[in-house]
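In case you want the letters, here they are:
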Amino acid sequence: MRKILFNLFFFPIFLVINFTSCNLYTVEKKIYPPQLASQVAKIGDKSPFLKVHMKDGGLYILKSWKIDEENKTIKGRGIYYSIDRNSTEEKDLFIIDLESVALLETNVLKRSGAVTAMTLVTGASVALTVYCLANPKACFGSCPTFYVWDGDSLRLQAEGFTSSVAPALEADDIDALYHAKSYNDELTLEVRNEALETHVIRYADLLVVPKGKNSRVYVTPNGKFFESDRILSLTSAKASEGDILPLILKPDGKERFSLADEKYLGEREDIEIEFLVKPGKNYGLVIGRRLTLLSTFLFYQVLAYMGNDAGYWLAQIGNYKNQGKFDRFKKAVEKFNGIEILVHRDGEWKSIGIIDGEGPLATNFNIVLLDKVDSDTLRVKLRMTKGAIRLDYVALAEISKEVEPIVIKPYSVLYDKKESPESLSSLLDSEKVLVTFPGDVYKLKYRLPKIEKDKDFEFFLKARGYYLEWIRKEWLEEENPLLLAEVIFSPEQALRRLAPKFKSVEAEMEKQFWGSKYARP
Amino acid sequence: MQDRNLKILIFFILIFCASCASIEGSRELIPYPQEVPENPRGCWIELETKVDKISGEFIGLSEENVYVEVQFGKKLYAVPRDEVKKARIVVFYPDGTGYLGLWTLLGVLSTLSHGWGLILSAPIWLLFGIPSMIGRSYEPVFSYSKKELDKMSIYARYPQGVPMEIRQKATRFTR
């Protein structure tokens, strides 16, 4: 809608103003004694008029003129003004003796500096707009975003129910609020709708787990919580480009990612990592990661193929007759967005599961249990789609125990800095939902339970809901049921066909989306 | 964009508009830039003296006085240089500040089409747009201290000096 508004309303006005403002001038006024008349001659047409100030106070304003240095005269067509400027005389040819001239005045019109500055900004801004219009899949796009104080500032720490793109896909989602800090026995979540989407939130509960001061609690992809008081760092990490250890050693936002394959977007790659461990201990692999914009591109491309019938197709997801097809498609998506974990045991690589990809905005931290390790070196392979994952952190957690979180409901909801009892009621009553629209910001407040002095909390968000992507006008032009069928029934072929299209926007897409680093964790 | 944010944006633009140069002369008395080259009169001048202020067409300078014609020929005043505290010349009417304001506002609104990029592009619009508006309003304005009065002679109706015939019509400015 915003882009349509821009196209229909702002852009034409913009051009009119731009055109009008291009005619903003400033004046450079200069005075010359008659002895320097030759310099005035060089200025020529730059000054549309020449003012000839006479010694007696009279004034000639000449529209076209010629300085005759040999005869020491100025010849020209224009108007003569008397000393008091009240009477005038217009002639096609005045011949003015330079001896009687006091001063010559030129006025050169120049483009206003203000317009130059604005033209530069407009050029850059229009270029960005044109880029966004040409590559709408590079702009906008997120699920409900949750911002939490990290002890210093509000930080994007979770995306709610990333995969729930239709009512039928409404699902629970648990995200670690890895950097969250409480204040005054309270925690505040700021949930924002920052995309052209309608967000439907059934609930947004805070899960808190009491833990030791030096421990961390991690959640598995299937929602089990484990405490660890000993975290082991990587000793080696190698990818196709070489050593990547410094990039994934700490959860610091420095990420390892690769570019997608040029011919096949489903091309896989491996990262091989190693840890020094104690045999006989239980370990879990901790991974902090988020998606690149490859999955966003593909998702929007699928919606574009659905075009005007997107509503129909998304409704089909909930049709039990299609459940089998949908499950197969879902598995393919999970494999595409996920990281397969392989452990080296008994001389061969054994797959122990896939950790799902989440959204492209917030880094999500999970743990995958590895069972007991029987040697002092643990070798693990992370297998993923090339160009699909941004890896921030990989570590090994020695499992202390399984723990249970305490579920806390919000006690207050603020909208536009005012208490919103209706919104609170929506989040507390499972029969109701909180519906948010682009630009909405809600603050959810939670009271924390009392805790022993030597303990601390680990925070998680458990949210349920779904979101509806607004179909952009530009997407409708790509409506194509045949290509949609190709994506569903022959995804490998589609990933080959779409490779050149994605590669043509990949570099700029990332640069533009993340240029502000606004959403980087 | 929420209504509240739009109001804040407009509020900021209005606040910065208040920083624009204010000119006492009306549009009828001050030419547009394109009209300056064929305008036979002097530039608009605003003089602040020890006792009062006076503004009008800048007629010229003599060793003793600054000549100002108030409201186009109604009255010519000779303001003693010793009385002048400072002077301000307006060469042309700074047209387009309203356009630049609207340009900035629409520029900011257009960043809605930039997605996440608006976090950067909207402030950039304000960073360039607001100073451009203020800068435009000051483009034709030149200020002079008492010691610098001679520098402004090029903006006078008589840059060569005020003819005696004209000087004789002047009244000493003593309000």
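All values reported here derive from a predicted model rather than from experimental measurement.

Novice: Requested: an account of the overall build of chain B, with residues and values cited.
Specialist: Across its full length, chain B holds 4 helices and 7 strands. Along chain B, helices (α) and strands (β) appear in the sequence α-β-β-β-β-β-α-α-β-α-β when read from the amino end. Counting every position in chain B, which comprises 175 residues, the buried fraction comes to 43%. By sequence separation, contacts in chain B at least 24 residues apart represent 66% of the contacts at least 6 residues apart.

Novice: How would you sum up unusual backbone geometry? Please name residues and give values.
Specialist: Negative phi is the rule for most residues except glycine; trans is the rule for most peptide bonds. Residue and element names in this part refer to chain A. Although it is not a glycine, Lys-72 sits at a positive phi angle of roughly 55°. Of note, Lys-72 is situated in the loop between β3 (59-68) and β4 (73-81). On the basis of neighbour counts, which here come to 14 C-beta atoms within 10 Å, the residue Lys-72 falls in the partly exposed class. Of note, the phi angle at Asp-416 is positive, near 55°, even though the residue is not glycine.

Novice: Tell me about the sheet that holds strand β5 (residues 84-90) of chain B, residues and numbers included.
Specialist: Residues and elements named next belong to chain B. Pairing is mixed in the open sheet, where 7 strands are placed in the order β6-β5-β1-β2-β3-β4-β7. Either end of the sheet is taken by a strand with one partner, and the two such strands are β6 (141-145) and β7 (171-172). The pairing of strand β1 (residues 44-49) with β5 spans 6 bridges and is classified as antiparallel. Across the sheet, residue Glu-46 finds its bridge partner in β5, namely Arg-88.

Novice: With reference to specific residues and values, describe the pairing of strand β10 (residues 186-192) of chain A.
Specialist: Residues and elements named next belong to chain A. Bridge analysis of strand β7 (residues 145-149) against β10 gives 4 bridges, and the strand direction is antiparallel. Its bridge partner lying in β10, Tyr-147 is registered against Glu-190. Note: β10 against strand β27 (residues 441-447), 7 bridges, orientation antiparallel. In the strand pairing of β27, Arg-192 is matched with Val-441.

Novice: If you had to explain the confidence of the model for chain A to someone new, which residues and values would you point to?
Specialist: All names here are of chain A. Residues at a pLDDT of 70 or more form 85% of chain A, whose mean pLDDT is 83. pLDDT under 50 marks residues 1-6. Its contacts with residues more than four places away, or in other chains, come to 12 contacts. Throughout residues 515-521 the model reports pLDDT below 50, and contacts reaching past four residues in sequence, or to other chains, amount to 19 contacts.

Novice: Tell me about the sheet that holds strand β20 (residues 364-372) of chain A, residues and numbers included.
Specialist: The strands making up a sheet are joined through hydrogen bonds of the backbone, oriented either antiparallel or parallel. All names here are of chain A. In spatial order, the strands read β12-β13-β22-β17-β20; together these 5 strands make up an open sheet with antiparallel pairing. Edge positions in the open sheet fall to β12 (216-219) and β20, since each of these has one partner strand only. Geometrically, the sheet is characterised by an average inter-axis angle of 45° between neighbouring strands, direction not taken into account. Here strand β17 (residues 282-291) pairs with β20 via 8 bridges, running antiparallel. Bridge pairing in β20 links Leu-285 to Val-368.

Novice: Give me the environment of Arg-268 of chain A: which residues, what numbers.
Specialist: All names here are of chain A. One can find Arg-268 in strand β16 (residues 268-276). Sequence-wise, Arg-268 and Ala-388 are 120 residues apart; in three dimensions their C-alpha atoms are separated by 9.5 Å. In contact with Arg-268, not counting residues within four places along its chain, are Arg-383, Met-384, Thr-385 and Lys-386.

Novice: Outline the packing of helix α5 (residues 294-306) of chain A against helix α10 (residues 481-489) of chain A, supporting the account with residue identities and numerical values.
Specialist: Packed helices, taken two at a time, are described by the angle their axes make and the gap between the axes. Residue and element names in this part refer to chain A. Here α5 crosses α10 at 135°, and the two axes come no closer than 8 Å. What the angle tells us is that α5 and α10 run oblique. As α5 packs across α10, the resulting crossing turns out to be left-handed. Note on element contacts: α10 touches α5 through Leu-483, Leu-484 and Val-487, opposite Val-302, Tyr-305 and Met-306. In the contact of α5 with α10, the residues fall into 6 nonpolar, no polar and no charged.

Novice: Tell me what's going on with the nonpolar core, and back it up with residues and numbers.
Specialist: Considering soluble globular proteins, one finds that nonpolar side chains tend to be buried as a cluster. Core analysis: the biggest nonpolar cluster contains 95 residues, and Leu-177, Ala-204, Val-286, Val-394 and Leu-461 of chain A have the highest contact counts within it. If we skip the residues at most four places from it in the chain, Ala-204 of chain A touches Leu-189, Val-191, Leu-427, Leu-444, Leu-461 and Ala-463 of chain A. Core analysis: the second largest hydrophobic core is formed by 49 residues, Ile-30, Phe-92, Ala-156 and Val-162 of chain B among them.

Novice: Which residues make up α5 of chain A, and what values do they have?
Specialist: Residues and elements named next belong to chain A. For α5, with 13 residues, the first-to-last C-alpha span of 19 Å sits near the 18 Å given by 1.5 Å per residue. Along α5, the residues classified as buried are Leu-294, Ser-295, Thr-296, Phe-297, Leu-298, Tyr-300, Gln-301, Leu-303, Ala-304, Tyr-305 and Met-306. Of the residues flanking the end of α5, it is Gly-307, one or two places downstream, whose phi is positive at about 55°.

Calculation criteria
Residues numbered from 1 in each chain as written. Chains lettered and ligands numbered in written order. Predicted model: local features only at pLDDT ≥ 70, side-chain atom pairs only at ≥ 80, totals over all residues. Helix = DSSP H or I, 4+ residues; strand = E, 2+ residues; numbered from the N terminus. Buried ≥ 20, exposed ≤ 12 C-beta atoms within 10 Å, placed from the backbone. Contact = placed C-beta atoms within 7 Å. Pairing = 2+ DSSP bridges. pLDDT = per-residue confidence, 0-100. Axes fitted to C-alpha atoms, helices over the stretch in contact; angles between N-to-C directions. Parallel < 35°, antiparallel > 145°, perpendicular 65-115°, else oblique. Left-handed = near helix turned anticlockwise from the far one by under 90°. Nonpolar A, V, L, I, M, F, W, Y, C, P; charged D, E, K, R; others polar. Core = buried A, V, L, I, M, F, W, Y, C linked by C-beta atoms within 7 Å. Expected span 1.5 Å × (residues − 1).

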